[in-house]
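# Secondary and tertiary structure notes
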Amino acid sequence: MNYRVLSILALTAIISACSSRPTGPITPPPESVDAISKWETSGRVGIRTQNDAVSGNFNWQKDPNTFALSIVGPFGQGATYMNQASNGVVTLEYEDKVVTGNNPAILLQQELGWAFPVEQVTYWMRGLAYPNSASKITKDPESQLPNTIEQDGWKITYSNFTEVEGLSLPQKMQVSNPPFRVNLIINQWTIQ
């Protein structure tokens, strides 16, 4: 009797293992940082403005046409959400308000007083200069990874990188244009 029960359990485990195998195509990892077309990061954020300081957790999902960014303070306090739909409409949610617009940086400036160049930061997050304006990049002589990027009045300082699927991506960075400063500690990267 015990032999039968064990055989049935083993067969059930084998069948369920086979049925949980992915059925769709597997996307290979990108070959370079600039080839990343879709990513998600999460970690800690500290934002300092002339009149305010905010800290909390963040999660940022980005693909070629959309993004979703959430910043949530300690114990769920002070949540701010921003997303851009595929039609280009940007939605900002904070303090029981919902505001829409077409440009995430302008919306943040108008509503929260935060100067934050969202489009540029999507490149800086990956250790890349924004391709549509001039930049000055200082690299580490050994690793050839950026130490700093100066662009559009902002200075991006990289303190640490981590390896994700064979690529070096920022783990700790600061984006500053006084009096604005954003510190990011990235705990997790998912890339495609």
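Residues numbered from 1 in each chain as written. Predicted model: local features only at pLDDT ≥ 70, side-chain atom pairs only at ≥ 80, totals over all residues. Heavy atoms only, no water.

### Considerations on the overall build of the protein
Looking only at helices and strands, the protein has three helices and 11 strands in total. Shown N-terminal to C-terminal, the secondary structure of the protein runs as helices and strands in the order α-β-β-β-β-β-β-α-α-β-β-β-β-β. By residue count, 33% of the 192 residues in the protein fall in the buried class. Look at the contacts in the protein between residues 6 or more apart in sequence, and 36% of them connect residues 24 or more apart. With the model as given, the accessible surface of the protein reaches about 11,700 Å², and the carbon-plus-sulfur share is 50%. (Helix = DSSP H or I, 4+ residues; strand = E, 2+ residues; numbered from the N terminus. Buried < 20%, exposed > 50% of the residue type's maximum accessible area, 1.4 Å probe, protein only. Contact = heavy atoms within 4.5 Å. Areas by Shrake-Rupley, 256 points an atom, 1.4 Å probe, with all protein chains shown as cover.)

### Focus: the side chain of S42
Within the fold, S42 resides in strand β1 (residues 39-48). Those residues in contact with S42 that sit more than four places away from it in its chain are F58, N59, I185, I186, N187 and Q188.

### Describing the confidence of the model for the protein
Low-pLDDT portions of the prediction should not be read for the details of their coordinates. The share of residues in the protein with pLDDT of 70 or more is 86%, and the mean pLDDT across the chain is 88. Contacts for the low-pLDDT stretch residues 1-20, under 50 throughout, to residues beyond four places or in other chains number zero contacts. (pLDDT = per-residue confidence, 0-100.)

### So, the nonpolar core
In this structure, W60, W124 and M125 are the most contacted members of the largest nonpolar core, which totals 40 residues. The dominant element in this core, judged by the number of residues it contributes, is strand β11 (residues 180-191), at six residues. Not counting chain neighbours up to four residues away, the residues in contact with M125 comprise W39, T41, F58, W60, P170, M173, L184, I186 and W189. (Core = buried A, V, L, I, M, F, W, Y, C linked by side-chain atoms within 4.5 Å.)

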